[in-house]
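Structure at a glance
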Amino acid sequence: MSDFLDSMFHQSTSNVFGGENMYSQNGSLIGSTQPNVFGGENLYDANHQMIGHTTDNVFGGENMFDNSHQLVGSTQPGVMGTNVFDGHHQQIGHVQYDATGGSFHDLHGQQMSWQNNMFGGVTMDPLQNTASLSFPNLI
């Protein structure tokens, strides 16, 4: 899930806590992650206030919860890649990985791609159309 979360932002870098720092297009810090005791990651805003967390699920994927412990999304391995679901268990798309990173395809066929960068994080592909994509409102 961390690659999928990182792909929602313009750029990320590895941090000293074993997670990622996420940055907007103008380079300002907008959030970070760090591993938690449940095998997932804690999600923090720019002020390091916890806004959610992830845990492994029984389907071999991860569940994402907000800071009120409400399910906002989940992943599950599938035939076409990793299936992504919203908090109501409705599929919103799938993620496919390749040698340079990965891509998210929503149910309408819109694609968003990301690639690994030299900082150990993920960089968005600025040429992809992301206007029609929607994600959980975490940050």
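Note that the structure is a prediction, hence the values are computed from the model and not measured. (Residues numbered from 1 in each chain as written. Predicted model: local features only at pLDDT ≥ 70, side-chain atom pairs only at ≥ 80, totals over all residues. Heavy atoms only, no water.)

Turning our attention to unusual backbone geometry. Residues apart from glycine generally show negative phi values, whereas peptide bonds are mostly found in trans. We note that histidine 48 has phi near 60°; this positive angle belongs to a residue other than glycine. Note that histidine 48 resides in the loop between strand E4 (41–45) and strand E5 (50–56). Although it is not a glycine, histidine 69 adopts a positive phi angle of roughly 65°. Counting through the fold element by element, histidine 69 comes out in the loop between strand E6 (62–66) and strand E7 (71–78). The exposed category is assigned to histidine 69, whose relative accessible area is 57%. (Helix = DSSP H or I, 4+ residues; strand = E, 2+ residues; numbered from the N terminus. Buried < 20%, exposed > 50% of the residue type's maximum accessible area, 1.4 Å probe, protein only.)

Another aspect to go through is the nonpolar core. Nonpolar side chains in soluble globular proteins tend to end up buried together. Counting seven residues, the largest nonpolar core consists of Val84, Val95, Phe104, Met112, Trp114, Val122 and Met124. At the level of secondary structure, the elements contributing two or more residues to this core comprise strand E11 (111–116) and strand E12 (122–124). (Core = buried A, V, L, I, M, F, W, Y, C linked by side-chain atoms within 4.5 Å.)

Within E4, four of the five residues are buried, which leaves it mostly tucked inside the rest of the structure. What sits between the antiparallel neighbours strand E3 (residues 29–35) and E4 is a turn of five residues, in which glycine 39 has the positive phi angle 90°. Pairing geometry for E4 and E5, over three bridges, is antiparallel. Bridging across to E5, tyrosine 44 finds its partner in methionine 50. (Pairing = 2+ DSSP bridges.)

Okay, the environment of asparagine 117 next. In this fold, asparagine 117 is placed in the loop between E11 and E12. Expressed as a C-alpha distance, the spacing of asparagine 117 and threonine 100, which sit 17 residues apart in the sequence, is 9.1 Å. Apart from the residues lying within four places of it in its own chain, the contact partners of asparagine 117 are Gln11, Ser12, Val122 and Thr123. (Contact = heavy atoms within 4.5 Å.)

In this fold, asparagine 57 is placed in the loop between E5 and E6. The exposure class assigned to asparagine 57 is buried, which follows from its relative accessible area of 13%. Within the structure, the side chain of asparagine 57 is placed 3.0 Å from the backbone nitrogen of phenylalanine 59, a separation counted as a polar contact. (Polar contact = N/O pair within 3.5 Å; in protein donor to acceptor, adjacent residues only side chain to side chain.)

Secondary-structure assignment places asparagine 42 in strand E4. For asparagine 42, a relative accessible area of 14% translates into the label buried. Of the polar contacts made by the side chain of asparagine 42, one reaches the side chain of tyrosine 44; its length is 3.4 Å.

A word on the environment of threonine 100. Turning to its location among the elements, threonine 100 is positioned in the loop between strand E9 (91–98) and strand E10 (101–106). Put simply, threonine 100 and tryptophan 114 are 14 residues apart on the chain and 7.9 Å apart in space, counted from C-alpha to C-alpha. Once residues within four sequence positions are removed from consideration, threonine 100 is found in contact with Trp114, Gln115 and Asn116.

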